[in-house]
Amino acid sequence: MKTALHGGTELDVRAIRSDFPILARPVRRTPLVYLDNAATTQKPKAVLESIRAYYEEMNSNIHRGVHYLSELATKAYEDARDKVRRFLNAADAREIVFTRGATEAINLVAYAYGRAHVGPGDEILITGMEHHSNIVPWQFLRDEKGAKLQVAPIDDRGELVFEEFERLLTPRTKLVAVAHVSNALGTVNPIKRIVALAHARGVPVLVDGAQAVPHLTVDVRDLDCDFYAFSGHKIYAPTGIGVLYGKLALLDRMPPYQGGGEMILSVTFEKTEYKKTPYKFEAGTPNIEGAIALGAAIEYLNGIGIDHIAAHEHDLLRYATERLSAVPGLRIIGTAREKAGVISFELAGVHPHDVGTILDQEGIAIRTGHHCAQPVMDRFGVAATARASFGLYNTMEEVDALVAALGKVSQVFGKS
Ligand code: PLP
């Protein structure tokens, strides 16, 4: 049942909250207010149940078994791949590679695509708002190949300076790697525009979608990106499972990333023949239960509707921005015109870790630190921020609780 709640959003948040057992537990003797969703999300019963059912009803290794349980597990695993395909609107399930998460997906591309296509003096173009996961793998590649890492700057709002991005796209650029949504700032990047520009110059684009898939409908065919990476645990699925989407023609031409069982057709001491895409990228026994649970999370989200979730989170973001802006001494870092899910802020004269610690005493979980985006912190001249990030189960009342607790922080530090 859906009821119109805040600002016309069609989401029955109370019913949704009852799907997440952990939200009912008290923390420090107060109700939990979980505002750390950009780090990881909580899991609904449907996801927890899918893991239990997997182990109770079909636990078995996949692909190489002829027995009943192995067939069941293989089917469930491959069904999950197809659920991800539909979720991203990919053309073919072979374009979906299961990984440990966004980090492994990006490393896979840096290794398997990057090593074959990037040489001395070539350039990889990223932006100034990337997570370390979309910086460090390219530094490995740069150092190995004698290539150059170019960084398109961001402005004071935390938006990409598009003209600079365009200027840095040169005949030496071999790959663009860019976040869809910044985890530190919440900025939504204009991916279609970035892809169109890069493609006009013959450059493929990898999109780090770790912070986008929980908040936006993602259509890889519409975006026309070449690679898209995300992590299951940020969309209400378990840790240890993630996805690399790649256009089939590109994946087909890429060598494997890791060697081992599952990815081979035949092995002699002289020579190994690999399986086809996507299996050649899935060496070893995969996270079977994780993939199945990711499929369950996607079904759960589809049942609610990503567009409804996006609208609800947009309302939360607007309300929280309004209320936090009125807190004396509070500065929001990241004021892009298009944002999703995240508000980073600092409170004058109070270290973000102190903010986080005092909020924790009130049962409010936020994240403090550099958010694995130290260059973003440098850009804004701060060592760290406090970050509240929203999920589909958060409420306006929780935003009120955050603001009230920040009032206590100010009192403790003698600011009001
Ligand atoms: N990219 C972005 C934008 C992120 O926010 C994160 C995680 O916070 C990652 C990549 C890495 O995700 P994971 O640690 O799940 O691989």
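Residues numbered from 1 in each chain as written. Predicted model: local features only at pLDDT ≥ 70, side-chain atom pairs only at ≥ 80, totals over all residues. Heavy atoms only, no water.

A.B. asks: Can you walk me through the overall build of the protein chain in this structure?
C.D. replies: Within the protein chain, the secondary structure is distributed over 14 helices and 17 strands. A compact globule built from 416 residues would reach a C-alpha radius of gyration of about 22 Å, and the protein chain, at 22 Å, matches this within 12%. The C-alpha extent of the protein chain, read off along each of the three principal axes, is 75 × 55 × 35 Å. Intrachain contacts of the protein chain at a sequence separation of at least 6 include 70% that bridge at least 24 residues. Just so you have it, the protein chain exposes about 17400 Å², and 53% of that area is on carbon and sulfur atoms. Averaged over its 46 positive side-chain charges, the protein chain has a centre that lies 2 Å from the centre of its 50 negative ones. (Helix = DSSP H or I, 4+ residues; strand = E, 2+ residues; numbered from the N terminus. Rg over C-alpha atoms; globule rule 2.2 N^0.38 Å. Contact = heavy atoms within 4.5 Å. Areas by Shrake-Rupley, 256 points an atom, 1.4 Å probe, with all protein chains shown as cover. Lys, Arg positive; Asp, Glu negative; His and termini not counted. Charge placed at Lys NZ, Arg CZ, Asp CG, Glu CD.)

A.B. asks: What should I look at first to understand a nonpolar patch on the surface in this one?
C.D. replies: A cluster of nonpolar side chains, Y68, L69 and L72, forms an exposed patch at the surface whose accessible area comes to about 280 Å². Here L69 lies in helix α3 (residues 68-88). (Patch = residues over 30% accessible without salt bridge, like charges linked within 9 Å, V, L, I, M, F, W, Y side chains within 5 Å. Salt bridge = Lys/Arg side-chain N within 4 Å of Asp/Glu carboxyl O.)

A.B. asks: I'm lost on the site of the ligand in this one. Help?
C.D. replies: Taken together, A102, T103, H131, S133, N183, D208, A210, Q211, S231, H233 and K234 make up the full set of residues near the ligand. Within the side chain of S231, an N or O atom sits 2.6 Å from an oxygen atom of the ligand. Here an oxygen atom of the ligand sits 2.7 Å away from a polar atom, N or O, in the side chain of H233. When isolated, the ligand has an accessible area of 400 Å², and the protein chains bury 85% of it. Broken down by class, the residue content of the shell around the ligand amounts to two nonpolar, seven polar and two charged. (Near = heavy atom within 4 Å. Polar contact = N/O pair within 3.5 Å; in protein donor to acceptor, adjacent residues only side chain to side chain. Nonpolar A, V, L, I, M, F, W, Y, C, P; charged D, E, K, R; others polar.)

A.B. asks: Looking at this structure, I do not really get the packing of helix α12 (residues 352-361) against helix α14 (residues 396-412). What am I missing?
C.D. replies: The description of two helices packed together rests on the angle between their axes and the distance between the axes. Relative to each other, α12 and α14 sit at 120°, their axes nearing to 9 Å. One way to sum up the angle between α12 and α14 is to call them oblique. Viewed along their axes, α12 and α14 form a crossing whose handedness is right-handed. Judged by residue contacts, V355, I358 and L359 of α12 engage L402, A405, L406, V409 and V412 from α14. Looking at the contact of α12 with α14 residue by residue, the classes come out as eight nonpolar, no polar and no charged. (Axes fitted to C-alpha atoms, helices over the stretch in contact; angles between N-to-C directions. Parallel < 35°, antiparallel > 145°, perpendicular 65-115°, else oblique. Left-handed = near helix turned anticlockwise from the far one by under 90°.)

A.B. asks: Would you take a moment to explain the packing of aromatic side chains for this structure?
C.D. replies: Note on aromatic pairs: each is described by the distance of the centres and the angle between the planes. The tally for this structure, following the rule as stated, stands at ten aromatic pairs. Measuring from centroid to centroid gives 5.8 Å for Y236 and Y393, while their planes differ by 85°, and the two rings are edge-to-face. Of the two residues, Y236 sits in the loop between β9 (227-231) and β10 (242-246) while Y393 sits in the loop between β17 (385-389) and α14, which places them 157 residues apart along the sequence. No difference in accessibility class separates Y236 from Y393, as the two residues are buried. A connected cluster of aromatic rings, assembled from ring pairs, spans F20, Y236, Y300 and Y393. When the ring centre of F162 is taken as reference, the NZ or CZ atom of R193 above it lies at 3.6 Å. (Phe/Tyr/Trp six-rings, centres within 6.5 Å; stacked < 30°, edge-to-face > 60°. Buried < 20%, exposed > 50% of the residue type's maximum accessible area, 1.4 Å probe, protein only. Lys NZ or Arg CZ within 6 Å of the ring centre and 35° of its normal.)

A.B. asks: Hey, could you run me through the sheet that holds strand β16 (residues 367-369) in this one?
C.D. replies: Sheet strands associate in pairs through backbone hydrogen bonding, adopting either a parallel or an antiparallel arrangement. Strand order in the open sheet made by the four strands is β13-β14-β17-β16, with antiparallel pairing throughout. A strand with exactly one partner marks an edge of an open sheet, and here the two such strands are β13 (330-333) and β16. Within the sheet, the average angular offset between the axes of one strand and its neighbour, ignoring direction, is 30°. Direction of pairing for β13 relative to strand β14 (residues 342-347): antiparallel, over a ladder of four bridges. Following the sheet pairing, I332 is matched in β14 by F345. (Pairing = 2+ DSSP bridges.)

A.B. asks: Got a minute to help me understand the domain arrangement of the protein chain in this structure?
C.D. replies: Much of the literature gives interface size as the accessible area that the parts lose upon coming together. Domain boundaries in the protein chain define domain 1 (2-43 + 305-412) and domain 2 (48-303). Inter-centroid distance (C-alpha atoms) of domain 1 to domain 2 is 27 Å. The interface is formed by 43 residues belonging to domain 1 together with 37 residues belonging to domain 2. Considering only the surface of domain 1 that becomes buried against domain 2, K43, I306 and R379 emerge as the three largest contributors, covering 19% of it. On the surface where domain 1 and domain 2 come into contact, there are two salt bridges. In this structure, E159 engages R337 in a salt bridge whose closest nitrogen and oxygen atoms are separated by 2.5 Å. At the boundary of domain 1 with domain 2, the tally comes to 28 residue pairs in polar contact (both at pLDDT 80 or more). Of all elements in the fold, only α11 (306-325), β14 and α13 (374-379) reach the threshold of two or more residues within the side of domain 1 that touches domain 2. Split into classes, the residues belonging to the side of domain 1 that touches domain 2 amount to 21 nonpolar, twelve polar and ten charged. (Domains from an automatic or database assignment. Buried area = accessible area lost by both parts, 1.4 Å probe.)

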